[in-house]
Amino acid sequence: MSKIYPSAAQPARLYESVCDDILKRIDRGEWSERGKLPSIRELAQELGVHRLTVFKAYQLLKQSGKAYVKDKSGYYLKTGSLSPDLTATPAVHSHIQQNPLSDIQRVPVVYQFSQALLDPNLLPNQYLSAYVKQAFDLYPKVLGTYAPVQGDPELREAMAEYLAAEHRLALTSGELLITSGAQQALDLLAKTLLKPRDAVLVDRPTYGAAMDIFRSYGAQLAAVDIHPHGYDLEQVARLMKERKPRFFYLNPTFHNPTGYTVSAEQRKRLVELAAEHRCLLVEDDAFHDIYFKQPPPPPLFAYDTEGYVAYIRSFSKYIAPGLRIAAVAARSPVIGNLLTAKSLADNGTPLLTQKIFLLLFFSDRMQRHLEKLRIALHVRMNIMEEALSGTGLSWTKPAGGLNLWVKLPDGVKAGALLAKGIEQSLTFVPGTICDPLAEFDDRIRLSYSYANENQLREGVRLLAGLLRSLA
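As recorded by an unreviewed UniProt entry, the protein chain carries the name PLP-dependent aminotransferase family protein and is attributed to Paenibacillus ehimensis. Of the protein chain, the UniProt comment under Sequence similarities (unreviewed entry) reads exactly: "In the C-terminal section; belongs to the class-I pyridoxal-phosphate-dependent aminotransferase family." Looking at the protein chain in UniProt, the text filed under Cofactor (unreviewed entry) is "pyridoxal 5'-phosphate".

Listed below in structure tokens is the structure:
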């Protein structure tokens with residue numbers, strides 16, 4: 001049976017993507033086995049493609065044994081043609097996009113450089129329990145009710161005031177949606193905005209799990225190179241014009257994985273380009289408070305007056321990961337569509353975690369803790385950089401965030417290095433996972449936030465030894 005699913009590294013021809021979409025719809029039960037498929041004309045009109053494209057997709061289905069033709073009648077699914085995984089019980093089977101980043105992070109190791117997450121010892125553990133108790137004291141019925149789908153009104157009001165005061169964002173609490181982490185926000189945006197074969201612009205490199213989410217909804221990714229100085233805005237304008245993307249997913253503040261920060265001037269121009277080409281900007285801001293000297297520029301949302309930015313502000317990475325709290329700021333109709341999708345996903349983020357976050361994050365104690373946290377993370381970054389010196393590795397020093405984007409010596413491949421690292425209880429993120437073209441095998445992302453100071457020194461020494469063994 002021929003392979004008809006496109007690879008991440010090589011974009012599929014259009015008819016292969018159509019064939020892939022047909023298979024997914026079959027698996028969802030839209031067309032039962034032995035059922036008649038839509039006519040070529042009908043499906044071409046529905047998908048907005050040429051009839052010849054649908055014809056080639058149907059021919060591919062026929063060649064792979066999944067469909068047959070009846071003269072003067074059309075195309076039908078073939079009995080017994082589906083592979084065992086495609087005929088599995090619908091309740092337990094689905095076409096789930098792979099998530100290699102999660103696979104790496106689940107490996108139990110001593111030297112954990114793949115987690116862009118805080119060392120639990122850096123969290124405000126000593127007084128977190130006090131806020132948990134306070135939440136029950138102030139809201140004794142908190143476990144006896146659901147939260148509103150859009151999020152706790154008290155939290156949304158406080159969040160709107162905070163974002164207005166700190167980042168000059170003009171928005172109301174009605175333009176905010178509380179989600180269970182940034183990843184759910186990305187999934188909801190993809191679910192409401194994307195249909196198969198829609199183009200999506202993404203940074204190159206970018207957050208690997210975001211690409212997996214977009215691909216799971218059938219998106220075709222187009223790469224926008226990001227550099228220490230930001231973007232080539234001519235490239236952005238050209239891709240917006242040529243590809244007509246549904247949105248541009250970008251991470252302009254302490255970018256994951258590179259650590260780069262886009263200037264205020266470029267942020268303004270990006271918003272202008274978005275309005276000019278009617279392209280939504282999806283801004284993922286996971287590390288805004290983790291700066292080492294100067295605060296970063298305001299979010300893109302601060303420069304938007306026409307509703308072309310959806311802003312995801314996440315706090316899971318550095319406040320309390322277990323609470324899984326993020327906020328999405330967007331104008332109508334985007335926020336309304338997200339609200340509908342959220343109601344279908346989980347009917348609202350748990351009220352208890354929202355109340356705990358409300359009491360914790362906006363407290364003076366937490367804001368003082370953030371100042372200490374920035375110092376602690378800056379120290380850890382310096383420790384990693386000092387340990388990496390003399391290893392033949394190179395990187396651009398970030399002004400904040402949790403990661404170093406490191407170039408390997410010539411001839412050393414990230415995949416081979418990771419395999420040896422896992423054998424020695426060490427993990428990191430290979431660059432291929434962060435690349436929409438599945439290249440960057442000469443790059444790795446090292447996170448300095450999860451390992452303690454001794455583990456940073458020992459782990460980098462181990463990494464240097466592995467590099468020498470592969471040189």
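On we go.
Student: Break down the sheet that holds strand 9 (residues 280–285) for me, citing the residues and quoting the values.
Tutor: One open sheet accounts for 8 strands, arranged 4-11-10-9-8-5-6-7; its pairing is mixed. The sheet is open, and its two borders are formed by strand 4 (176–179) and strand 7 (230–231), each paired with just one other strand. Note that strand 9 and strand 10 (residues 309–314) share 5 bridges and pair parallel. Of the residues in strand 10, the one forming a bridge with L281 is V309.

Student: Please give an account of the nonpolar core that cites residues and values.
Tutor: Core analysis: the biggest nonpolar cluster contains 133 residues, and F113, F214, F248, L281 and I319 have the highest contact counts within it. What L281 contacts, discounting residues up to four positions off in sequence, is M240, F248, L250, L270, V271, A274, L300, Y308, V309 and A310. With 19 residues, the next largest nonpolar core counts L37, Y58, L61 and L77 among its residues.

Student: Now, about the pattern of salt bridges: what can you tell me, with residues and values included?
Tutor: Throughout the structure, instances matching the rule amount to 17 salt bridges. D187 is paired through a salt bridge with K191; the nearest N and O atoms lie 3.9 Å apart. Of this pair, D187 and K191 both sit in helix 7 (residues 182–193), separated by 4 residues, roughly a single helical turn. The partly exposed category is assigned to K191, whose relative accessible area is 39%.

Student: Give a description of the side chain of R197 that names residues and reports values.
Tutor: When you line up the elements, R197 lands in the loop between helix 7 and strand 5 (199–204). Beyond its immediate sequence surroundings of up to four residues, R197 is in contact with L14, S17, V18, D21, L47, G218 and Q220.

Student: Outline the pairing of strand 10, supporting the account with residue identities and numerical values.
Tutor: Within strand 10, 6 of the 6 residues are buried, which leaves the element mostly enclosed by the surrounding structure. Of the two faces of strand 10, the one holding V309, Y311 and R313 and the one holding A310, I312 and S314 are both buried throughout. Alignment of strand 10 against strand 11 (residues 326–329), held across 4 bridges, turns out to be antiparallel. Looking at strand 11, one finds that I312 is bridged to V328.

Student: So what's going on with unusual backbone geometry? Residues and values would help.
Tutor: A cis amide bond, omega 5°, links R204 with the succeeding residue P205. As for its position among the elements, P205 is in the loop between strand 5 and helix 8 (208–216). For the bond from S332 to P333, the omega torsion is 5°, close enough to zero to count as cis. Secondary-structure assignment places P333 in the loop between strand 11 and helix 11 (334–345). Positioned with a positive phi, R278 is a non-glycine residue whose angle comes to about 55°. For R278, the position within the fold is in the loop between helix 10 (264–277) and strand 9. Notably, F440 is not glycine yet its phi reads approximately 55°, a positive angle. When you line up the elements, F440 lands in the loop between strand 15 (429–430) and strand 16 (443–447).

Basis of the calculations
Residues numbered from 1 in each chain as written. Predicted model: local features only at pLDDT ≥ 70, side-chain atom pairs only at ≥ 80, totals over all residues. Heavy atoms only, no water. UniProt positions renumbered as here; feature names shortened; annotations may be inferred. Pairing = 2+ DSSP bridges. Helix = DSSP H or I, 4+ residues; strand = E, 2+ residues; numbered from the N terminus. Core = buried A, V, L, I, M, F, W, Y, C linked by side-chain atoms within 4.5 Å. Buried < 20%, exposed > 50% of the residue type's maximum accessible area, 1.4 Å probe, protein only. Contact = heavy atoms within 4.5 Å. Salt bridge = Lys/Arg side-chain N within 4 Å of Asp/Glu carboxyl O.

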